[in-house]
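Examining the three-dimensional arrangement
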Amino acid sequence: MVQTKSDVVSLYVVEEQEIYREMYRHILPTQANVDLLQVSANEEIETLAQSVLEVRPDVLLLSVKKLDINTIKELEQIRSDYPKMGIVILLVFYSSQDIDLLRRLALSGEGGMALFLKQSLDKIDQLCRTILAVGQGQVILDPPLATYMFAGRPECPFLKQLTGRELEILSLLSQGYTNSAIAETLYIDIKTVEHHLNSMYSKLKSDPDFNNKHLRVSAARLYLETIGDFCQGDASLVCAANR
């Protein structure tokens, strides 16, 4: 299959740890769907918006140990100036204040966004899938962060019943991943995926309102409504469920 330009996401990486910068420089150029434009340190975070203006990527990957108010301000400026640009944020540590700021950031702009703990992304394929999904406008949350992101939003009894692994699978399902794609992304057997999905569906069917509804679409709807990304309507969910 010939690779077309529309299949490729251009990427600008800002990474504060030298060892990771070298890893990105050596590994990402070997990935067919990622066009690595530049890898920089974040020693001058106040100039991040200016750097993005010069590089003009489809997706910005920002990796930091911990967020601070200056970083948030720069990201808000980027979201304002380039609303369709995707942003992937990798964190090592976070606080409840960080989550509040990130929730506001995720709901601004039109571009995709992914929020992950750095230690959660331990596979190259997983990182590349995340970058591509964000380039397509998806919002992806690491399950541990999702728990905090849900706080303060309308309570969803269904989501509160799910395990961390089930939330992880539901996040991918809501992006349109097939069962086999979920299995490949999480490096688990497809039978394991089906087991978790059946468990989720059983929990969903405990509510009589969902007995006669498409369970895959309904689960994705509840997830996206809760994280504030339910903005493209039912058609996109139906399409995702049939991929």
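Residues numbered from 1 in each chain as written. Predicted model: local features only at pLDDT ≥ 70, side-chain atom pairs only at ≥ 80, totals over all residues. Heavy atoms only, no water.

In the structure shown here, the tally under the stated rule is six salt bridges. The residue E15 makes a salt bridge to K118 at a minimum N-O spacing of 2.9 Å. Of the two residues, E15 is situated in strand 1 (residues 9-15) and K118 in the loop between strand 5 (113-117) and helix 5 (124-135); the sequence distance between them amounts to 103 residues. The burial state of E15 is the same as that of K118; both residues are buried. Among the salt bridges present, the one from R129 reaches D125, with a minimum N-O distance of 3.0 Å. Of this pair, R129 and D125 both sit in helix 5, separated by four residues, roughly a single helical turn. Of the residues examined, R129 reaches a relative accessible area of 21% and is grouped as partly exposed. (Salt bridge = Lys/Arg side-chain N within 4 Å of Asp/Glu carboxyl O. Helix = DSSP H or I, 4+ residues; strand = E, 2+ residues; numbered from the N terminus. Buried < 20%, exposed > 50% of the residue type's maximum accessible area, 1.4 Å probe, protein only.)

Further remarks concern the packing of aromatic side chains. What the rule picks out here adds up to zero aromatic pairs. Geometry around Y187 places K123 over its ring, the cationic atom sitting 5.0 Å from the centre. (Phe/Tyr/Trp six-rings, centres within 6.5 Å; stacked < 30°, edge-to-face > 60°. Lys NZ or Arg CZ within 6 Å of the ring centre and 35° of its normal.)

Once that is clear, we can look at the sheet that holds strand 6 (residues 139-141). Read from one edge to the other, the open sheet built from six strands follows the order 2-1-3-4-5-6, with strand pairing classed as parallel. For this open sheet the edge positions go to strand 2 (34-40) and strand 6, each flanked by a neighbour on one side alone. Ignoring which end each strand starts from, the neighbouring axes of this sheet average 15° apart. Across three bridges, strand 5 lies against strand 6 in parallel orientation. Counterpart to A114 in the pairing with strand 6 is I140. (Pairing = 2+ DSSP bridges. Axes fitted to C-alpha atoms, helices over the stretch in contact; angles between N-to-C directions.)

What follows covers helix 9 (residues 179-186). Counting buried positions over the eight residues of helix 9 gives six, a clear majority of the element. Listed as buried for helix 9 are N179, A181, I182, A183, T185 and L186. One or two steps after helix 9, the chain reaches Y187, where phi turns positive at roughly 55°.

Across the seven residues that make up strand 1, a large majority, seven, are buried. With burial as the criterion, each face of strand 1 is covered, one bearing V9, L11, V13 and E15 and the other bearing S10, Y12 and V14. Two elements, strand 1 and strand 2, share six bridges in a ladder whose sense is parallel. The residue of strand 2 that forms the bridge with Y12 is Q38. Pairing analysis gives five bridges linking strand 1 to strand 3 (residues 59-64), with the strands arranged parallel.

Membership of the largest hydrophobic core comes to 54 residues, with the highest contact counts inside it found for L60, I78, F158 and L170. In terms of residues, this core owes the most to one element, helix 11 (residues 215-227), which gives six residues. Filtering out sequence-adjacent residues up to four positions away, I78 remains in contact with L48, A49, V52, L60, P83, M85 and I87. Counting 22 residues, the second-largest nonpolar core is a separate cluster that includes V9, V39, L61 and I140. (Core = buried A, V, L, I, M, F, W, Y, C linked by side-chain atoms within 4.5 Å. Contact = heavy atoms within 4.5 Å.)

Of note in the backbone geometry, R56 takes a positive phi value of approximately 55° without being a glycine. Looking at where R56 falls in the secondary structure, it is placed in the loop between helix 2 (48-55) and strand 3. Judged by relative accessible area, R56 falls into the exposed class, the value being 51%.

A few words on the packing of helix 2 against helix 3 (residues 69-81). Relative to each other, helix 2 and helix 3 sit at 35°, their axes nearing to 8 Å. Contacts from L48, A49 and V52 in helix 2 reach E74, L75, Q77 and I78 in helix 3.

A few words now on the pairing of strand 4 (residues 86-91). The element strand 4 is largely enclosed, with a buried count of six among its six residues. Direction of pairing for strand 3 relative to strand 4: parallel, over a ladder of six bridges. When the bridges of strand 4 are listed, L60 appears paired with I87.

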